[in-house]
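# Structure assessment
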Amino acid sequence: MRIIVMSDSHGSYRAVESIIMRNTDAEWFIHLGDGERELDRFVINYPELAMKLIHVAGNCDSNSLSPSTFVLPLLDHKIFAAHGHMFNVGWSLDGIKKAAVENGCDIILFGHTHVRFQHYEDGIYFMNPGSAALPRDSQKASFGCIDVSEAGIIMNIADV
């Protein structure tokens with residue numbers, strides 16, 4: 001099962017469209033916030049892919065009705081996803097890790113910092129795919145790819 005993860009597209013419809021259309025074989029597309037307007041536009045343009053889209057509200061998604069977190073069960077794993085601002089991920093991952101563990105999750109996805117990050121600790125996978133449009137880590141705009149199978153989990157971050 002392939003999951004494509006993006007975050008912080010901040011108005012760049014072109015980035016969102018490029019990421020999704022390059023990966024239409026994925027089972028899920030997860031947007032971690034600060035990109036609700038471009039996701040809405042994408043759904044209008046490609047309604048056939050709407051059922052594969054999951055997103056949470058970011059701190060810049062004004063008046064959003066989207067959830068701030070979600071849990072996605074898949075195979076023998078569970079994903080906990082959040083934008084990250086409510087867990088202060090710029091300072092520490094302890095808060096988001098605690099919430100994930102409380103929900104029985106072993107994969108944590110977050111954005112907000114615009115900085116790519118992958119880590120594995122205590123049986124938990126962490127990923128911040130960076131920003132799809134405005135990176136803050138002197139690297140190119142990016143997105144994440146997660147492959148989940150019975151054999152295990154592979155996580156990668158790719159350039160937009």
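Residues numbered from 1 in each chain as written. Predicted model: local features only at pLDDT ≥ 70, side-chain atom pairs only at ≥ 80, totals over all residues. Heavy atoms only, no water.

Turning our attention to the sheet that holds strand β4 (residues 69-74). Across the sheet, which stays open at both edges, the five strands sit in the order β4-β5-β6-β8-β7 with mixed pairing between neighbours. The outermost strands of the open sheet, each flanked by one partner alone, are β4 and β7 (116-121). Averaged over all adjacent pairs, the angle separating strand axes in this sheet is 15°, with direction ignored. Across six bridges, the pairing between β7 and strand β8 (residues 124-129) is antiparallel. When the sheet's bridge partners are listed, Tyr 120 is paired in β8 with Tyr 125. Set on the sheet, helix α3 (residues 94-102) makes contact with β5 (77-82), β6 (107-110), β7 and β8; between it and β6 the angle comes to about 135°. (Pairing = 2+ DSSP bridges. Helix = DSSP H or I, 4+ residues; strand = E, 2+ residues; numbered from the N terminus. Axes fitted to C-alpha atoms, helices over the stretch in contact; angles between N-to-C directions. Contact = heavy atoms within 4.5 Å.)

Attention now goes to the environment of Ile 96. Structurally, Ile 96 can be placed in helix α3. Considering only alpha carbons, one finds Ile 96 and Asp 137, 41 residues apart in sequence, at a separation of 21 Å. Not counting the four nearest positions on each side in its chain, Ile 96 is found in contact with Phe 80, Ala 82, Phe 87, Val 89, Ile 108, Leu 109 and Phe 110.

Moving on, we come to the packing of aromatic side chains. In total, this model carries four aromatic pairs according to the counting rule given. For the pair Phe 80 and Phe 87, a centre-to-centre distance of 6.0 Å together with 75° between the ring planes defines the contact as edge-to-face. Here Tyr 120 and Tyr 125 contribute two aromatic rings whose centre-to-centre distance is 4.6 Å and whose plane-to-plane angle is 55°, an arrangement assigned as tilted. On the basis of relative accessible area, Tyr 120 is assigned to the partly exposed category, the value being 49%. Between the NZ or CZ atom of Arg 41 and the centre of the ring of Tyr 13, over which it lies, the distance is 3.9 Å. (Phe/Tyr/Trp six-rings, centres within 6.5 Å; stacked < 30°, edge-to-face > 60°. Buried < 20%, exposed > 50% of the residue type's maximum accessible area, 1.4 Å probe, protein only. Lys NZ or Arg CZ within 6 Å of the ring centre and 35° of its normal.)

Our focus in this paragraph is the sheet that holds strand β1 (residues 2-6). Paired through their backbone hydrogen bonds, the strands of a sheet run either parallel or antiparallel. Spatial ordering of the open sheet is given by β3-β2-β1-β9-β10, a layout of five strands whose pairing is mixed. Here the strands that pair on one side only, and so sit at the sheet edges, are β3 (53-55) and β10 (152-159). Between one strand axis and the next, the sheet turns through 20° on average, direction left out of account. By the bridge criterion, four bridges tie β1 to strand β9 (residues 142-149) in an arrangement that is antiparallel. Across the sheet, the residue bridging to Ile 3 is Ile 146, located in β9. In this fold helix α1 (residues 13-21) packs onto β1, β2 (28-31), β3 and β9, with an angle of close to 170° to the strand it touches most, β1.

Counted as a void, the largest pocket has a volume near 150 Å³. The wall of the largest pocket is formed by His 10, Gly 11, Asp 34, Gly 35, Glu 36, Arg 37, Glu 38, Asp 40, Cys 60, Asp 61 and Ser 62. Grouping the constituent residues of the lining of the largest pocket by class yields one nonpolar, four polar and six charged. (1 Å grid on protein atoms, 1.4 Å probe; cavity = no way out; pocket = protein on both sides within 12 Å on 5 of 7 lines; lining within 4 Å. Points joined across faces, edges and corners; volume = space filled by probe spheres on them. Nonpolar A, V, L, I, M, F, W, Y, C, P; charged D, E, K, R; others polar.)

For the rest of this paragraph, the subject is α3. Ile 96, Lys 97, Ala 99 and Ala 100 are the residues of α3 that are buried. Buried positions in α3, seen along its axis, are confined to an arc of 165° and lie on one side of it. When the buried face of α3 is taken as reference, the exposed residues oriented beyond 90 degrees from it are Asp 94, Lys 98 and Glu 102. Buried-residue contacts for α3 involve β5, β6, β7 and β8. A positive backbone phi angle near 70° is found at Gly 104, which sits one or two residues after α3. (Arc of directions from axis to C-beta.)

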